[in-house]
Amino acid sequence: MKYDIVIIGAGPAGLSFASSMIDLDVKVLVIEKSSIDSISNPQGDGREIALTHLSVKILKKLNVWGLINQAEVSPLKEAKVFDGDSPSLLNFKSDDSSIEALGYLVPNYQIRKALYERVSQAKNITLMTDVMVEDVNPSERSSQVLLSDNQKIETKLVIAADSRFSSIRRKVGIPSLMKDFSKVMIVTKMEHEYSHHNIALECFDYGQTLALLPMVGNASSIVLTVTTDKAQAMLDMPEVEFNAKITQSFKSELGKMTQSGQRHSYPLVAVHAQTFIANRFALIGDAAVGMHPVTAHGFNLGLRGQDILATLIKEAHHHGQDIGSKSLLKLFEKKHINLTRIMFFGTNGIVALFTNDAPYIKQIRKLALKFAENFPPVKYLITHHLTEAKKNRFLPF
Ligand SMILES: Cc1cc2nc3c(=O)[nH]c(=O)nc-3n(C[C@H](O)[C@H](O)[C@H](O)COP(=O)(O)OP(=O)(O)OC[C@H]3O[C@@H](n4cnc5c(N)ncnc54)[C@H](O)[C@@H]3O)c2cc1C
């Protein structure tokens, strides 16, 4: 069997890239190991994805944003970062009144559903489910993809979007840097008596981290990060006790809080591939860079990366050039990897600073927060990166 492009993985990154290929005269195959039902009718997984303005722009360009149920999109107007019981506070809000929000919170399953809907309408894209890619043999002229049912597929370009634990990345021989935080993120939806005013809260309490992401109405996604040894107890905690604990953690400022969703857990492991390319092969999404979720950049970077690659492929195709050439792939990596490295190491640095409770680190943390809060360029850079308000002069992207 022959295809122009083979995409491994029908997660948000793989399906975004497939959507980018819809208007192009190329034959695309997406291979996914899960069932068609889990891809076409994804269930809630507790993840509320904070999308930047650039991500919304890309999803609009892909004709996917309009397929997302807008009644479930919640604007993020402000974000506050607290440090334990100390009065240190970092506050982000857009200083441009024409900008409605810093970003938008969208349930992950809604994004996946909309992406599937878009891809399933495309004539040039085939989705093969319930089959796993076992291996990829990249070479200068074409790549060969081997499936668990013994099928072999020839292609000009393989795109691996097979998660942060990508087995294909390893099989192709791309090393990666993996950071295991030995922590677990527990997420659930909670209803509360008073309004959150669309403000996100991040509280670095000593020993644990607690975040609140404002959803539609008087409801929020609660994100609790605990060490791995404490995770099971937190998952098993009776609801009454859990409700009381979270209500108390937010000092009853939102009134009584009541769990209304399921508790989901995610082990915290971040990954950065050493290179994003090989012969006729590219990594996108979490397979390229799997971020710690605290800065909410995983899928945003995934969308940005696939957009860069798709744009280069479209240009090459338009000029009758090879869509899997070395020079194209090198340019993709050059345009994307510097930013992902900054984000990856920057986020890991923030996590190290905010989750270490040694007294001298707490002192550094207080100073860092004070500096960031009172030194406008720092906040300017972060808010303008989120809102894309103006093309700013400081950042390399
Ligand atoms: C709690 C939490 C909160 C988050 N919040 C945010 C946020 O606010 N903002 C943000 O931008 N990001 C956020 N993220 C990150 C975001 O969810 C991920 O970046 C995104 O889901 C990654 O998508 P992906 O398609 O790269 O990988 P995945 O979603 O992992 O998909 C990979 C797919 O590949 C398939 N697959 C794997 N191996 C094979 C194989 N060999 N053959 C065939 N198929 C295969 C899998 O079945 C799967 O469907 C969050 C993550 C978590 C855990």
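Described in the following lines is the structure provided in the data block.

Criteria and cut-off values
Residues numbered from 1 in each chain as written. Predicted model: local features only at pLDDT ≥ 70, side-chain atom pairs only at ≥ 80, totals over all residues. Core = buried A, V, L, I, M, F, W, Y, C linked by C-beta atoms within 7 Å. Buried ≥ 20, exposed ≤ 12 C-beta atoms within 10 Å, placed from the backbone. Helix = DSSP H or I, 4+ residues; strand = E, 2+ residues; numbered from the N terminus. Domains from an automatic or database assignment. Near = placed C-beta within 6 Å. Nonpolar A, V, L, I, M, F, W, Y, C, P; charged D, E, K, R; others polar. Pairing = 2+ DSSP bridges. Axes fitted to C-alpha atoms, helices over the stretch in contact; angles between N-to-C directions. Contact = placed C-beta atoms within 7 Å.

Brief notes about the nonpolar core
Step number 1: Core analysis: the biggest nonpolar cluster contains 96 residues, and Ile 7, Ile 8, Phe 17, Ile 159, Ala 282 and Ile 284 have the highest contact counts within it.
Step number 2: At 6 residues, the largest contribution of residues to this core is made by helix α8 (residues 298-318).
Step number 3: Both domains that meet at this core, namely domain 1 (2-74 + 101-178 + 269-355) and domain 2 (181-267), each give it at least three residues.

Things to note about the site of the ligand
Step number 1: In the vicinity of the ligand there are 34 residues, among which Gly 9, Gly 11, Ser 163, Gly 285 and Gly 298 approach most closely.
Step number 2: Elements represented by at least two residues in the shell around the ligand include exactly α1 (12-20), β3 (48-51), α5 (167-172), β12 (176-192) and α8.
Step number 3: The element that contributes the greatest number of residues to the shell around the ligand is α8, accounting for 4 residues.
Step number 4: Tallied by class, the residues present in the shell around the ligand amount to 17 nonpolar, 12 polar and 5 charged.
Step number 5: Residues from two domains meet in the shell around the ligand; each of domain 1 (2-74 + 101-178 + 269-355) and domain 2 (181-267) gives at least three.

As for the sheet that holds β3
Step number 1: Taking strand neighbours across the sheet as the criterion, the 3 strands line up as β3-β7-β4 in an open arrangement whose pairing is antiparallel. The open sheet is flanked by β3 and β4 (74-76), the only strands paired with a single partner. Taken pair by pair, the neighbouring strands of this sheet meet at an average axis angle of 30 degrees, ignoring direction.
Step number 2: Where β3 lies against strand β7 (residues 103-107), 4 bridges are found, and the strand directions are antiparallel. Looking at the pairing, Ala 50 lines up with Leu 105 of β7.
Step number 3: The strands that helix α4 (residues 108-120) touches are β3 and β7; relative to β7, the one it contacts most, it runs at about 80 degrees.

Examining the environment of His 336
Step number 1: Mapped onto the fold, His 336 is located in helix α9 (residues 326-354).
Step number 2: The class of His 336 is buried, set by 24 C-beta atoms lying within 10 Å.
Step number 3: In sequence terms His 336 and Leu 301 are 35 residues apart; their C-alpha atoms lie 8.9 Å from each other.
Step number 4: Here His 336 is in contact with Phe 276, Gly 305 and Ile 308, once residues within four sequence places are set aside.

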